[in-house]
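Results of the structural survey
Listed here are the chains, written in short residue letters.
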Amino acid sequence: MATKQEEQQNNQAGRHQEVGHKSLLQSDALYQYILETSVYPREPEAMKELRELTAKHPWNIMTTSADEGQFLNMLLKLINAKNTMEIGVYTGYSLLATALALPDDGKILAMDINRENYELGLPVIQKAGVAHKIDFREGPALPVLDQMIEDGKYHGSFDFIFVDADKDNYLNYHKRLIELVKLGGLIGYDNTLWNGSVVAPPDAPLRKYVRYYRDFVLELNKALAVDPRIEICQLPVGDGITLCRRIS
Ligand code: SAM
Ligand code: CA
């Protein structure tokens, strides 16, 4: 018979399988309540369509959750964002949440090493009438950032930057993004609670990729916490998102 502790661990594992990197809330019922009461009924039709289309894709664990999409959409409107960037697009759920929030002449520089997945969601984005705001670049983001920094004219030009890609490069991104974001602008780093593994004991049974990236996430969180160029706010939305407001 399983001990109480084993039972708790099993429940925990089951819960993580179910909601994974989409919510760290302590109760599935509570998360479901939020989705069903406040998120799904207000979700734009195009976002619903893209979410449902993405759910059929084998890598759907990567998609941004609907509640986080709603949060991003509201945040972008609150800060009157116009010029934005996204690193890590996948099928485009957070991209669409962003595109719908921006004014008609708003811009999103969107980067991903995988064009195929972006193209899966693109027809939905086009149907929503917001594809003209997106400048998609296929390939690793780092060289594009280096090019922009070298160019000079992009310094301090972004209102909002959403980073949701290779976690082992987040600190490399941060070094560059801090120059590209406006003073008073925001960078959002996603998955900064990394499936809750940031507080897991060293012998915890973590999936291989969770274990691999955990140290990078821990290092990022430590670095952001002491970076005097930014104010930060770590939110337990989705898998954790850290908002960084550039102040110098
Ligand atoms: N924001 C997306 C959404 O809402 O569905 C999810 C992004 S998914 C978690 C991470 C993405 O980062 C993948 O599509 C992957 O191809 C991309 N990626 C990985 N390494 C990258 C890199 N070096 N540069 C740009 N994109 C990268
Ligand atoms: Ca994410």
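Heads up: these notes are all about the structure in this document. Treat the numbers as computed from the prediction; the structure is a model and nothing was measured.

Let's talk about the site of ligand 1
With respect to spatial proximity, 19 residues lie near ligand 1, and among them T64, G88, S94, D112 and D164 are the closest. Contact between ligand 1 and Y90: an oxygen atom at 3.4 Å from a main-chain N or O atom of the residue. Out of a free accessible area of 610 Å², ligand 1 has 89% covered by protein chains. When each cavity is represented as a set of grid points, ligand 1 is found to reside in the largest pocket. Those elements giving two or more residues to the shell around ligand 1 turn out to be α5 (93-101) and β2 (107-112). Taken together, the residues of the shell around ligand 1 break down into ten nonpolar, five polar and four charged.

What about the pattern of salt bridges?
Per the counting criterion, the structure on display carries twelve salt bridges. Of the charged contacts in the structure, one is a salt bridge between E138 and R115, with a shortest N-O distance of 3.2 Å. Residue E138 is located in strand β3 (residues 134-138), and its partner R115 is located in helix α6 (residues 115-127); the two are separated by 23 residues in the primary sequence. Taking relative accessible area as the criterion, E138 reaches 49% and is therefore assigned partly exposed. A relative accessible area of 32% places R115 in the partly exposed class. When the shortest N-O distance is used, the salt bridge between R245 and E231 registers 2.9 Å. Of this pair, R245 sits in strand β7 (residues 241-246) while E231 is found in strand β6 (residues 230-235), placing the two residues 14 residues apart along the sequence. Connected via shared salt-bridge partners are R115, E119 and E138.

Some thoughts on the layout of surface pockets
Its boundaries defined by the atoms lining it, the largest pocket holds a volume of some 780 Å³. Along the wall of the largest pocket there are 34 residues; nearest its centre are M62, D164, A165, D166 and K167. Among the secondary structure elements, those contributing two or more residues to the lining of the largest pocket are β1 (83-87), α5, β2 and α9 (208-225). Its residues placed into classes, the lining of the largest pocket shows 16 nonpolar, eleven polar and seven charged.

Looking at the side chain of T54
Following the sequence through the fold, T54 ends up in helix α3 (residues 45-55). The exposure class assigned to T54 is buried, which follows from its relative accessible area of 0%. Of the polar contacts made by the side chain of T54, one reaches the backbone oxygen of L50; its length is 2.7 Å. Residues contacting T54, with those up to four places away along its chain left out, are N60, T63, Y90 and T91.

Here we look at the environment of V217
Checked against the element boundaries, V217 lands in helix α9. Residue class for V217 comes out buried when judged on its relative accessible area of 3%. Note: C-alpha distance between V217 and T192 (25 residues apart in sequence) is 6.0 Å.

A look at helix α4 (residues 66-78)
If you check α4, its first and last C-alpha atoms are 18 Å apart, about what 13 residues at 1.5 Å a residue would give, namely 18 Å. One or two positions beyond α4, positive phi appears at N80, with a value near 55°.

What to know about unusual backbone geometry
Both trends apply: most residues other than glycine have a negative phi, and most peptide bonds are in trans. With a phi close to 55°, N80 is a non-glycine residue in the positive phi region. With respect to the helices, strands and loops of the structure, N80 is situated in the loop between α4 and β1. Here the phi dihedral of Y90 falls at roughly 55°; this positive angle occurs in a residue that is not glycine. The topology assignment puts Y90 in the loop between β1 and α5.

With respect to α9
End to end, α9 covers 26 Å across 18 residues, agreeing with the expected 26 Å (1.5 Å per residue, within 8%). The largest bend in α9 is about 35°, located at R214.

Parameters at a glance
- Residues numbered from 1 in each chain as written.
- Chains lettered and ligands numbered in written order.
- Predicted model: local features only at pLDDT ≥ 70, side-chain atom pairs only at ≥ 80, totals over all residues.
- Heavy atoms only, no water.
- Near = heavy atom within 4 Å.
- Polar contact = N/O pair within 3.5 Å; in protein donor to acceptor, adjacent residues only side chain to side chain.
- Areas by Shrake-Rupley, 256 points an atom, 1.4 Å probe, with all protein chains shown as cover.
- 1 Å grid on protein atoms, 1.4 Å probe; cavity = no way out; pocket = protein on both sides within 12 Å on 5 of 7 lines; lining within 4 Å.
- Sits in = over half its atoms within 2 Å of the grid points.
- Helix = DSSP H or I, 4+ residues; strand = E, 2+ residues; numbered from the N terminus.
- Nonpolar A, V, L, I, M, F, W, Y, C, P; charged D, E, K, R; others polar.
- Salt bridge = Lys/Arg side-chain N within 4 Å of Asp/Glu carboxyl O.
- Buried < 20%, exposed > 50% of the residue type's maximum accessible area, 1.4 Å probe, protein only.
- Points joined across faces, edges and corners; volume = space filled by probe spheres on them.
- Contact = heavy atoms within 4.5 Å.
- Expected span 1.5 Å × (residues − 1).
- Bend = angle between axes of the 7 residues up to and from the residue.

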